[in-house]
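Chain by chain, the residues:
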Amino acid sequence: MSNILWKSLVVSPAVLGATLLVSAAAIAAPSTSTEVSVTEQQAATEVAQQPELFAQAATNDTNVISQVNSYSSEGKQNTTLSQVTSVSQFSDVQPTDWAFQALQSLVERYGCIAGYPNATYRGNRALTRYEFAAGLNACLDRVNELIATATADMVTRQDLATLQRLQEEFSAELATLRGRVDSLEARTAELEANQFSTTTKLAGEAIFALTDTFGDTVGENNNAVFQNRVRLGLQSSFTGRDLLTTRLASGNANNFNLGNDIAVGANVLAQSGEGLQTFNMGNTGGNNVEIDRLTYQAPIGPAQVYLAANGGKHSHYAAVNNPYFADGTDGGNGALTTFASENPIYRIGGGAGLAFTLPFGQGGGLLRPSSLTVGYLGSEANDPTPGAGIFQGNYAALGQLNFNVGQRLALAATYVHGYHGAGSAIFNGGSNSNIFNPASARPVVGSTIANYGGINNQTGDVSPFATNSYGVSAAFRPSERLSVSGFVSYTDVNGFGASDSSEVWSYGVGVALPDFGKRGNVLGVFAGAQPYALNRQDGSNNVPYQVEGFYKYRVSDNVSVTPGVIWVTNPGQSSDNDDAFIGTLRTTFTF
């Protein structure tokens, strides 16, 4: 700021006078703001999920200083690129404008106002004192150049007198501005010296959920509950293109009993994953804290590489093609249930492993550039005992082809091969808990019968089993206010014993209306069949359908409230079980 004040004493007052004249119109114009929708950031045609290009967050004060510096150099930069030499080159400046002559003098006489690259001046935009100081400094730099080169078009004595008078008139404001900038510089230096990390930022989410069940059976088995889940993610970047995620999770949610417990021989299986909500995922119970995700993502050549040390999920690195219903992996701003948020095929296995996405194809014409995604996740990668470890324990290997057709259609074809130890659930999201222990485990989606491969129908004997799953997912966005998505999946279950093989099907379709009623709101309806098995038990061949409706109301950029209703028919694949209705009021805080 001392540089600006010194220049003010020796150079053209006409420059400042004209600048003030033009600035007054901008200051008088009201400023407007546009509300940015969070949901607009969700791509309706996702080909492969990329890690967020992380940039170190800066304080508002630092941004102000950077803005002043950038405006100060604007004049010099624009003199060599698309420099405006005549006021007539501005498309939005007319000779009838009251500040036309002042602007003409600045542009044609001093050449220190360049406007915007699209040949507009935007004279009605609001001007801050910082921008005024930066613009003045740019003009003074230009006048100094004219003086130094002894240009014939030099400032006059009258200009200097006018500048001196204006300097005296605005001396208080200039002194205040200098003091404020000096204070900001001191505060910024202090923040830089005491900041937590130069490479890491915090991303947090807290969910409050008021939930109850309704129906003849579930109404008697359950009470209304108020539950929570909190996630704190430390997101670190070392190159600006990579992302290390260390996430802590805590919660106290317990699952509802839909009255569909099943006995196989001497075993009572855990309750199913039908109607399970996303905030139940990663819930520790009792608000204990644990690291539920430790992953690293980075580009290597043309490929995007994903490395999971703990809590890895297929949906971290593979495109699920379900915009507005999927919010990351079981986040608090999408659908209510695990079934509606993504194709169940992505919930086969999880844990630690490696994956990469490789683009291919030129993408000419209607078909856009495509990609291949390959990943391997082991659920017992940290266990060195026999029958466990990276390759001998439970695992799931995924391969997926991703296609973008035009601007509004995304397609994905997915294959997953899995190995599951005795008593494991198919759709377990990487959990190693045994489904014979209802107190500590349950599948995360689908009926129990569909999840318990490797169990003899007659004797209840338990064996390991393998699965081969095939899925197709698609997302279509015909307009900015309508999104349609859906999936179909089939799993061939091959038990290593007798009478323990099966076929599992699942399908669903969702319709979302983004910005419904207000920018950032979402109205969504999703319906389909939870994963169910064919010919596994007598009297258990009914399809467990689910219909879900929700309305996410965005209170602010960081708070949303989502009321919704979930209807599940034939829980446990049996018509003997009453339909279940679940009502939820979910509040999500992001920070």
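The rules behind the values
- Residues numbered from 1 in each chain as written.
- Predicted model: local features only at pLDDT ≥ 70, side-chain atom pairs only at ≥ 80, totals over all residues.
- Heavy atoms only, no water.
- Helix = DSSP H or I, 4+ residues; strand = E, 2+ residues; numbered from the N terminus.
- Buried < 20%, exposed > 50% of the residue type's maximum accessible area, 1.4 Å probe, protein only.
- Areas by Shrake-Rupley, 256 points an atom, 1.4 Å probe, with all protein chains shown as cover.
- Patch = residues over 30% accessible without salt bridge, like charges linked within 9 Å, V, L, I, M, F, W, Y side chains within 5 Å.
- Salt bridge = Lys/Arg side-chain N within 4 Å of Asp/Glu carboxyl O.
- Polar contact = N/O pair within 3.5 Å; in protein donor to acceptor, adjacent residues only side chain to side chain.
- Pairing = 2+ DSSP bridges.
- Expected span 1.5 Å × (residues − 1).
- Arc of directions from axis to C-beta.
- Axes fitted to C-alpha atoms, helices over the stretch in contact; angles between N-to-C directions.
- Parallel < 35°, antiparallel > 145°, perpendicular 65-115°, else oblique.
- Contact = heavy atoms within 4.5 Å.
- Nonpolar A, V, L, I, M, F, W, Y, C, P; charged D, E, K, R; others polar.

Structural notes on the overall build of the protein chain
Right, on to step 1. Within the protein chain, the secondary structure is distributed over 13 helices and 18 strands.
Right, on to step 2. Across the 591 residues of the protein chain, 49% fall into the buried class.
Right, on to step 3. A total of about 26400 Å² of accessible surface is found on the protein chain, and carbon and sulfur atoms cover 57% of it.

Here's the deal with a nonpolar patch on the surface
Right, on to step 1. Together, Phe196, Leu202, Leu232, Leu234, Leu248, Val289, Ile291, Leu294 and Phe591 make up a nonpolar patch on the protein surface, roughly 820 Å² of accessible area in all.
Right, on to step 2. For the nonpolar patch, the elements supplying multiple residues, two or more each, are β2 (225-236) and β6 (289-300).
Right, on to step 3. It is β6 that provides the largest number of residues to the nonpolar patch, a total of three residues.
Right, on to step 4. Locating Leu202 in the fold gives a position in strand β1 (residues 200-214).

Digging into the environment of Ser197
Right, on to step 1. With respect to the helices and strands, the residue Ser197 is situated in the loop between α8 (171-194) and β1.
Right, on to step 2. Only 3.3 Å separates the side chain of Ser197 from the backbone nitrogen of Thr200, close enough to count as a polar contact.

Brief notes about the pairing of strand β13 (residues 482-495)
Right, on to step 1. Across 13 bridges, strand β12 (residues 465-479) lies against β13 in antiparallel orientation. From the neighbouring strand, Phe476 faces β13, where its bridge partner is Val484.
Right, on to step 2. Summarising the sheet, β13 and strand β14 (residues 502-514) pair through eleven bridges and their orientation is antiparallel. Looking at β14, one finds that Ser483 is bridged to Ala512.

Overview of helix α7 (residues 157-169)
Think of an α-helix as turning once every 3.6 residues; residues three or four places apart then point the same way.
Right, on to step 1. In a regular helix each residue adds 1.5 Å, so 13 residues correspond to 18 Å; α7 covers 19 Å between its end C-alpha atoms and thus fits that length.
Right, on to step 2. Every buried residue of α7 is listed here: Asp159, Leu163, Leu166 and Gln167. Buried residues along α7 cover an arc of 105° about the axis, so they all sit on one side. The outward face of α7, more than 90 degrees from its buried face, is lined by the exposed residues Arg157, Gln158, Glu168 and Glu169.

Side note on unusual backbone geometry
Right, on to step 1. A positive phi angle, close to 55°, is found at Asn321, a residue other than glycine.
Right, on to step 2. Assignment of secondary structure puts Asn321 in the loop between α10 (314-317) and α11 (338-341).

Re the pairing of β14
Right, on to step 1. Here β14 shows one buried face, formed by Ser502, Val504, Ser506, Gly508, Gly510, Ala512 and Pro514, and one open face, formed by Glu503, Trp505, Tyr507, Val509, Val511 and Leu513.
Right, on to step 2. If you look at the hairpin formed by β13 and β14, you'll find six residues sitting between the two strands, and Ser499 has a positive phi there, around 50°.
Right, on to step 3. Where β14 meets strand β15 (residues 522-534), eleven bridges bridge the pair, whose relative direction is antiparallel. Residue Tyr507 lies in a different strand from β15, and its bridge partner there is Ala529.

What to know about the packing of helix α6 (residues 129-148) against α8
Right, on to step 1. Taken N-terminus to C-terminus, the directions of α6 and α8 make an angle of 105°; their axes are 11 Å apart at the nearest point. Taken together, the axes of α6 and α8 are roughly perpendicular relative to one another. For the pair α6 and α8, the contacting residues are Arg129, Tyr130 and Ala133 in the first and Glu173, Leu177, Arg180, Val181 and Leu184 in the second.
Right, on to step 2. For the contact of α6 with α8, the per-class residue count stands at five nonpolar, no polar and three charged.

Points about the pattern of salt bridges
Right, on to step 1. Counting across every chain of the model gives nine salt bridges.
Right, on to step 2. The residue Glu480 makes a salt bridge to Arg408 at a minimum N-O spacing of 3.6 Å. With a gap of 72 residues between them, Glu480 in the loop between β12 and β13 and Arg408 in the loop between β10 (395-405) and β11 (409-420) connect regions that are remote in the sequence.
Right, on to step 3. Given the relative accessible area of 47%, Glu480 is considered partly exposed.
Right, on to step 4. Here Arg477 ties to Glu480 by a salt bridge, and the two come within 3.6 Å at their closest N and O atoms.

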